[in-house]
Amino acid sequence: MKKKILVTRQYPPAGIRLLEKENHVLTIWDKSRSMTQDELIRASLDHDAILCTLTDRIDARFLDQCRHLEMISQFAVGFDNIDVKHATQLGIPVGHTPGVLTRATADLAFGLMIAVARKMIFNHKTILRGEWGSFNPTGHLGVELKGKRLGVFGLGRIGIETALLCKKAYDMDVIYCNRTGNPDAEALLDAKPVDFDTLLAKSDIVSVHCVLSPQTEGVFDLKAFKKMKPTAIFINTARGGIHRETDLIQALEQGLIWGAGLDVTDPEPMSADNPLLDMETVCVLPHVGSATVEARSAMSVLAATNLIEFYKNGTIPHIVNPEVIKK
Ligand code: DGY
């Protein structure tokens, strides 16, 4: 069945080729920026489905005006940019791309831990400023990760993979805080479930891997940072809205925690004059957790496959709101 699909960015070619092979007619937004919501609404009006991503605002306003859409295929595992409840009410199925970016994102969380612990970005910047100087026996001192305790907030696929890396590389003890218990992961990691306050108090590194939801929005606020060890490192590769940025700045300035590694900020992009960018024990990256050739290509294939299967068989391999299909 030939369909008109709006493709909101230039996604990796592997998935695009699959859609073209199925003879779907694609309109590809080829600018280097995302569409504004008005552009997105206008463009969606004469399409059957959209292939979109986390910078596209698929909220109630969009959905009410584009209720004709047969499917929304999200190029990302997270879907907090989509009002899924509203899409479900309108009977629009939403697909996403879990699993294929797990390794890439876990690698980045792990890398951020080392980058922060050894002040890598800050030290690099001293060279750019011509401040290398000479070998300093008491300068540039970081901390070691071996044998430390990792606290995972949100023990899903990426949290588990990150914990495995930490365990294998540094023999870290793992504790976790999750909505539900995860006995398989507990066995795999010898991990212990704890409540939020215990996670904060006992972890040397807290790594955030949960979804952004009304329950998790802003949970890492000043009150939470005050409960952490002054030597602790805070890592967030999930969504910027899960921590309160001004509170994090305050916590670092006051020495409530030692350092932070962020792949996500709120808002994105972070402003270039944000004080976090000048801090010695902070490393901020521009939301690149899934940015490997392998992961992005696999995400493109999965997002395309979700559409192709939907139009061929009425099923979506990775669906966010399966109740819509069952109806
Ligand atoms: C996701 O998939 O949700 C990441 O944040 C971007 O790849």
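What counts, and at which threshold
- Numbering of residues starts from 1 in each chain and follows the order in which that chain's sequence is written.
- Selection of residues for local features in this predicted model requires a pLDDT of at least 70, selection of side-chain atom pairs for listing and counting requires 80 or more, and totals for whole chains, interfaces and linings are taken over all residues.
- Side-chain measures were taken over the full set of non-hydrogen atoms in the model, leaving aside hydrogen atoms and water.
- Geometry of aromatic contacts follows a simple scheme: Phe, Tyr and Trp rings, the Trp one being its six-membered ring, pair when their centres are within 6.5 Å, and the pair is stacked under 30 degrees between planes, edge-to-face over 60, tilted otherwise.
- By the criteria applied, helices consist of DSSP H or I runs no shorter than four residues and strands consist of E runs no shorter than two, each listed in order from the N terminus.
- Think of it in three bands: with a 1.4 Å probe and only protein chains considered, a residue is buried below 20% of the maximum accessible area for its type, exposed above 50%, and partly exposed in between.
- Think of it as a cone above the ring: NZ of Lys or CZ of Arg counts as a charge over the ring if it is within 6 Å of the ring centre and within 35 degrees of the ring normal.
- Each residue after the first adds 1.5 Å to the expected span of a helix.
- For every domain, the bounds stem from an assignment made automatically or drawn from a database.
- For this analysis, residues touch if any pair of their heavy atoms sits within 4.5 Å.
- Defined in terms of a 1.4 Å probe, buried area is the accessible area two parts forfeit on being brought together, summed over both.
- Just to be clear on terms, a salt bridge is a Lys or Arg side-chain nitrogen sitting within 4 Å of an Asp or Glu carboxyl oxygen.
- Whenever two N or O atoms come within 3.5 Å, that pair is a polar contact, provided that in protein one can donate a hydrogen and the other can accept it, and provided that, for residues adjacent in sequence, both atoms are side-chain atoms.
- Polar here means any residue outside two lists: the nonpolar Ala, Val, Leu, Ile, Met, Phe, Trp, Tyr, Cys and Pro, and the charged Asp, Glu, Lys and Arg; Gly therefore counts as polar.

Draft legend 1. Spatial organisation of the packing of aromatic side chains. Considering all chains together, one arrives at 9 aromatic pairs under this definition. For the pair phenylalanine 110 and tyrosine 170, a centre-to-centre distance of 5.8 Å together with 35° between the ring planes defines the contact as tilted. Taken together, the residues phenylalanine 110 in helix H5 (residues 102–117) and tyrosine 170 in helix H7 (residues 157–170) connect sequence positions 60 residues apart. Of the residues examined, phenylalanine 110 reaches a relative accessible area of 15% and is grouped as buried. Aromatic side chains phenylalanine 196 and phenylalanine 220 sit 5.3 Å apart centroid to centroid with 80° between the ring planes, which places their arrangement in the edge-to-face category. Note that phenylalanine 196 is positioned in helix H9 (residues 196–202) and phenylalanine 220 in the loop between strand E9 (205–208) and helix H10 (222–226), a separation of 24 residues in sequence. Given a relative accessible area of 23%, phenylalanine 196 falls into the partly exposed group. Taken together, the ring pairs connect Phe153, Phe196, Phe220, Phe225 and Phe234 into an aromatic cluster. A cation over a ring is seen here: lysine 31 above tryptophan 29, with NZ or CZ 4.7 Å from the ring centre.

Draft legend 2. Quick peek at H7. For H7, which comprises 14 residues, the first-to-last C-alpha distance of 20 Å matches the rise-based estimate of 20 Å (1.5 Å per residue) to within 8%. Those residues of H7 that sit buried are Ile158, Gly159, Ile160, Thr162, Ala163, Leu164, Leu165 and Cys166. Just past H7, the residue aspartate 171 takes up positive phi, approximately 50°.

Draft legend 3. Region of interest: the domain arrangement of the protein. With domains assigned, the protein is organised as domain 1 (4–99 + 293–326) and domain 2 (102–284). Each of domain 1 and domain 2 has a C-alpha centre, and these two points are 31 Å apart. On the side of domain 2, 5 residues touch domain 1, which itself brings 6 residues to the contact. When the two sides are added together, the surface that domain 1 and domain 2 hide from each other amounts to roughly 500 Å², 52% of it contributed by carbon and sulfur. If you sort the residues of domain 1 by the area they bury against domain 2, Leu54, Asp80 and Gly99 come out on top, with a joint share of 67%. The interface formed by domain 1 and domain 2 contains 1 salt bridge. Of the charged contacts in the structure, one is a salt bridge between aspartate 80 and arginine 239, with a shortest N-O distance of 2.8 Å. Our enumeration of links across domain 1 and domain 2 arrives at 2 residue pairs in polar contact (both at pLDDT 80 or more). Considered class by class, the residues forming the side of domain 1 that touches domain 2 number 3 nonpolar, 2 polar and 1 charged.

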